[in-house]
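Now for the letters of each chain:
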Amino acid sequence: MTVQGGCDRSVGEATTALILPGGGARGAYQVGVLKAIAGISPRGDNPFPVICGTSAGAINAAVLASHAHEFSIGIDRLEHFWSSMFCARVYRTDAWSVLKSGLHWAASLGLGTWFVSQPRSLLDNGPLRRFLERTLRLEGIDEAIRRGALRGVSITASGYSCAAAISWYQAVTGVEPWSRARRSGQPARLGVNHLLASAALPLLFPAERVGHEYFGDGGMRMLAPLSPAIHLGANRLLVISTRDEHPDPPPAAPVAYPSLGEIGGYLLDTIFMDTLNADLNRLRRINRTLQWVPEEQRGHTDLAYIDTLVVRPSRDLRAITREHMADIPRAVRTLLRALGGWGKDWRMASYLLFESPYCRELMQLGYEDGLRQRDELTSFLFGGQGQQV
């Protein structure tokens, strides 16, 4: 786990945002860290008036935001959600559905769309839609805002027609929409369709229509994933990553040509984490620049010091995936083998392994990592006034 940033140098009251990037099944790790934070919170109140999520992180963000006025209940719901998870709750895993999808893709590639309809995705995430519609209580977002426990929540997705990242937000009165190059913020009453749009992993899950346009995973076009939180008024950011930052060693001998599964896993890694790391690096450069600008002159710039803390897994989650490979449903295992995403680096499998033993282990790792950095989290979130766990 890594901490980035320094002491808060902003003027006035600090407004802390929680940033939850994507990661498929890896999103369970975020819940473990949040459980540790709830344990050290002095009064058990929500320390995050701004909550922003993408992909699986969007679902975590929505649950947490809808319970921002009852933070411990929100954490309990997330823990139950992930500890009872199984793949068939997220996408269809029966042999016929997976086989039919594979044959559809093969026929489309071989015969073209003149003879068969265009396939939409490799996997059918209809079960996730039904589960979210049944269990989410998104009306709680309004209640949390009304009680002052939440300033705003945003969910980001990528528009396939507009070729831009759209951050839908639900917030207090006075938060204005924003528009930048290839990204914008739009007010909305958040619903399941926004979450499914943000979590629509390219090729794996079908795009989701919101309004007149189809959307896919929010990480694809979001070049500045920290910006929605800042537009919602945050001046301090806690990011819970779903990837460690220990680089793989270069191969000692020539390797085989990368398979579709390997390339797909690599692209998911890029979508979820590389743009976030680039934005964090950009933010650190701005902070260093502002250190040399006198306080009285900072008001003449458009720049502000934004303090950040990043929590990362202390273990490579692919290694944990390998330990749980037997939990992957047989039909999905066959699909991954066909794509060449089985038995090598386990990247793609780590995003699709929505099974409770794997998710519980990721939550436990997140909890332990959170407690391991208890002092940093306490100082960052509560000014050193956290409670013993």
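Please refer to the structure higher up on the page.
Residues numbered from 1 in each chain as written. Predicted model: local features only at pLDDT ≥ 70, side-chain atom pairs only at ≥ 80, totals over all residues. Heavy atoms only, no water.

Draft legend 1. Main features of the overall build of the chain. A tally of regular secondary structure across the chain gives 14 helices and ten strands. For 389 residues, the compact-globule estimate of 2.2 N^0.38 gives 21 Å, and the C-alpha radius of gyration of the chain, at 21 Å, lies within 12% of that figure. On the principal axes, the C-alpha backbone points of the chain span a range of 65 × 45 × 40 Å. Among the 389 residues that make up the chain, the fraction classed as buried is 55%. Sequence-distant contacts in the chain: of pairs separated by 6 or more residues, those separated by 24 or more amount to 77%. When the accessible surface of the chain is split by element, carbon and sulfur atoms take 53% of a total near 17,600 Å². (Helix = DSSP H or I, 4+ residues; strand = E, 2+ residues; numbered from the N terminus. Rg over C-alpha atoms; globule rule 2.2 N^0.38 Å. Buried < 20%, exposed > 50% of the residue type's maximum accessible area, 1.4 Å probe, protein only. Contact = heavy atoms within 4.5 Å. Areas by Shrake-Rupley, 256 points an atom, 1.4 Å probe, with all protein chains shown as cover.)

Draft legend 2. Representation of the side chain of R243. Locating R243 in the fold gives a position in the loop between strand 9 (236-240) and helix 9 (260-291). What makes R243 buried here is its relative accessible area of 13%.

Draft legend 3. The pairing of strand 10 (residues 307-311), seen in detail. With five of five residues buried, strand 10 is to be regarded as a mostly interior element. Both faces of strand 10 are covered, namely the face carrying D307, L309 and V311 and the face carrying T308 and V310. Here five bridges tie strand 9 to strand 10, and the two strands are oriented parallel to one another. Across the sheet, the residue bridging to R236 is D307, located in strand 10. (Pairing = 2+ DSSP bridges.)

Draft legend 4. Expanded view of the packing of aromatic side chains. By the definition in use, this model includes eight aromatic pairs. Judged by centre distance (6.3 Å) and plane angle (20°), the ring pair of W82 and F354 falls under stacked. Remark: F354 occurs in the loop between helix 12 (347-352) and helix 13 (356-372) and W82 occurs in helix 3 (residues 71-83); sequence separation between them is 272 residues. W82 gets classed as buried once you look at its relative accessible area, which sits at 2%. Judged by its relative accessible area of 6%, F354 falls in the buried class. One aromatic cluster is present, built from ring pairs that chain together F81, W82, Y91, F131, F205 and F354. Sitting over the face of the ring of Y351, R26 holds its NZ or CZ atom 4.5 Å from the ring centroid. (Phe/Tyr/Trp six-rings, centres within 6.5 Å; stacked < 30°, edge-to-face > 60°. Lys NZ or Arg CZ within 6 Å of the ring centre and 35° of its normal.)

Draft legend 5. Structural view of a nonpolar patch on the surface. Taken together, the side chains of I263, Y266 and L267 present a nonpolar region at the surface, about 290 Å² in accessible area. Along the chain, the position of Y266 falls in helix 9. (Patch = residues over 30% accessible without salt bridge, like charges linked within 9 Å, V, L, I, M, F, W, Y side chains within 5 Å. Salt bridge = Lys/Arg side-chain N within 4 Å of Asp/Glu carboxyl O.)

Draft legend 6. Examining helix 2 (residues 56-66) more closely. By the criterion of burial, helix 2 is predominantly enclosed, with eleven of the eleven residues buried. Among all positions in helix 2, only A56, G57, A58, I59, N60, A61, A62, V63, L64, A65 and S66 are buried.

Draft legend 7. Looking closely at the pattern of salt bridges. Considering all chains together, one arrives at 13 salt bridges under this definition. Here E143 makes a salt bridge to R147, at a shortest N to O gap of 2.6 Å. By relative accessible area, which is 54% here, R147 ends up exposed. Here D369 makes a salt bridge to R372, at a shortest N to O gap of 2.5 Å. Here R372 and D369 lie together in helix 13, a separation of three residues that amounts to about one turn. Using a relative accessible area of 0% as the deciding quantity, one classes D369 as buried. Since its relative accessible area comes to 51%, R372 is described here as exposed. Each of E143, R146 and R147 takes part in salt bridges that share partners, so that together they form one network.

Draft legend 8. Here's a closer look at helix 5 (residues 126-135). For helix 5, the set of buried residues is G126, P127, L128, F131, L132 and T135. Looking at the buried side of helix 5, the elements it contacts are helix 2, helix 3 and helix 7 (192-198).

Draft legend 9. How the structure looks around unusual backbone geometry. Residue S55 is not a glycine yet carries a positive backbone phi of 60°. With respect to the helices and strands, S55 occurs in the loop between strand 2 (50-54) and helix 2.

Draft legend 10. Inspection of the pairing of strand 9 at higher detail. For strand 9, a buried count of five out of five residues is recorded, marking the element as mostly surrounded by other parts of the structure. For strand 1 (residues 16-20) and strand 9, the ladder comprises four bridges, and the chain directions are parallel. When the bridges of strand 9 are listed, I19 appears paired with V239.

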